[in-house]
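# Working through the structure, step by step
Chain residues, written in single-letter form:
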Amino acid sequence: MEPDIETRVAAFVPDSDDALVDILDEMRTPATVDEVTDELIEPANPPIETWALVHERLHRDRLPALDASGAIEFDETQGLIERPTARTGEERRVSPAMLATISIGLLLVFLTLVSVSVLIS
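Treat the numbers as computed from the prediction; the structure is a model and nothing was measured.

Parameters and conventions
Residues numbered from 1 in each chain as written. Predicted model: local features only at pLDDT ≥ 70, side-chain atom pairs only at ≥ 80, totals over all residues. Heavy atoms only, no water. Axes fitted to C-alpha atoms, helices over the stretch in contact; angles between N-to-C directions. Helix = DSSP H or I, 4+ residues; strand = E, 2+ residues; numbered from the N terminus. Parallel < 35°, antiparallel > 145°, perpendicular 65-115°, else oblique. Contact = heavy atoms within 4.5 Å. Patch = residues over 30% accessible without salt bridge, like charges linked within 9 Å, V, L, I, M, F, W, Y side chains within 5 Å. Areas by Shrake-Rupley, 256 points an atom, 1.4 Å probe, with all protein chains shown as cover. Salt bridge = Lys/Arg side-chain N within 4 Å of Asp/Glu carboxyl O. Buried < 20%, exposed > 50% of the residue type's maximum accessible area, 1.4 Å probe, protein only. Pairing = 2+ DSSP bridges. Lys, Arg positive; Asp, Glu negative; His and termini not counted. Charge placed at Lys NZ, Arg CZ, Asp CG, Glu CD. Core = buried A, V, L, I, M, F, W, Y, C linked by side-chain atoms within 4.5 Å. Arc of directions from axis to C-beta. Polar contact = N/O pair within 3.5 Å; in protein donor to acceptor, adjacent residues only side chain to side chain.

Okay, the packing of helix α2 (residues 17-26) against helix α4 (residues 48-69) next. Close contact between α2 and α4 brings their axes to 11 Å; oriented N to C, the two are set at 90°. Regarding the angle of α2 to α4, the classification is roughly perpendicular. In this structure, α2 uses Asp 17, Leu 20, Val 21 and Leu 24 to contact α4, whose residues at the interface are Leu 58, Arg 62, Leu 63 and Leu 66.

Encoded structure:
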């Protein structure tokens, strides 16, 4: 790539894979390459040529590499990016919603036991 093109792309595409994955984590997935490109370039609103260069870099290089590493699932034919459900070292055993449900259930059991003990005494 020409130096000028490389500079324009580098202004919007994070250098590290971790930084790019962090951006994808903040987005709703599945997401399209178009949506990821929009997320990276907003609010700068660069010329459409720059948008196209960022899109091409993601689609041809960065996203396939992240897919190969297992960090994301990238369907090149449809241009869809998805985060795998099980993340190495970060997998949650209980979701926040499930934890809230369990907590409420335990609270109700506790209140029932206290009420029964008050009625018995």
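Okay, back to it.
Turning to the environment of Ile 41, a few remarks are in order. Looking at the element boundaries, Ile 41 is found in helix α3 (residues 33-41). When sequence neighbours within four positions are dropped, the list of residues in contact with Ile 41 reads Phe 12, Pro 46, Trp 51 and Val 54.

Glancing now at a nonpolar patch on the surface. Taken together, the side chains of Ile 104, Leu 107, Leu 108, Phe 110, Leu 111, Val 114 and Val 118 make up a nonpolar region of the molecular surface, amounting to roughly 670 Å² of accessible area. Inspection of the secondary structure assignment puts Ile 104 in helix α5 (residues 96-120). With a relative accessible area of 52%, Ile 104 lands in the exposed category.

The three strands lie next to each other as β1-β3-β2, forming an open sheet whose pairing is antiparallel. A strand with exactly one partner marks an edge of an open sheet, and here the two such strands are β1 (31-32) and β2 (73-75).

The next subject is a negative patch on the surface. A cluster of acidic residues, Asp 18, Asp 22, Glu 26, Asp 34, Glu 35, Asp 38, Glu 39 and Glu 42, forms a negative patch on the protein surface. Residue assignment for the negative patch shows that the elements contributing at least two residues are α2 and α3.

Another aspect to go through is the nonpolar core. In terms of nonpolar packing, the biggest core is built from 22 residues, with Leu 24, Val 36, Leu 58, Leu 63 and Ile 81 touching the most fellow members. Elements that contribute at least two residues to this core include exactly α1 (3-10), α2, α3 and α4. Ignoring any residue separated from it by four or fewer positions in sequence, one finds Leu 24 in contact with Thr 29, Val 36, Leu 63, Leu 66, Ile 72, Ile 81 and Arg 83.

Moving on: α3. Among the residues making up α3, those that are buried are Val 33, Val 36, Thr 37, Leu 40 and Ile 41. Taken around the axis of α3, the buried residues stretch over an arc of 125°, which confines them to a single face. Each element contacted by the buried residues of α3 is listed here: α2, β1, α4, β2 and β3 (80-82).

Our next topic: the environment of Asp 17. Position of Asp 17 among the secondary structure elements: in helix α2. For Asp 17, a relative accessible area of 37% corresponds to the partly exposed category. At 3.1 Å, the side chain of Asp 17 forms a polar contact with the side chain of Arg 62.

Taken by themselves, the reported measurements are silent on function.
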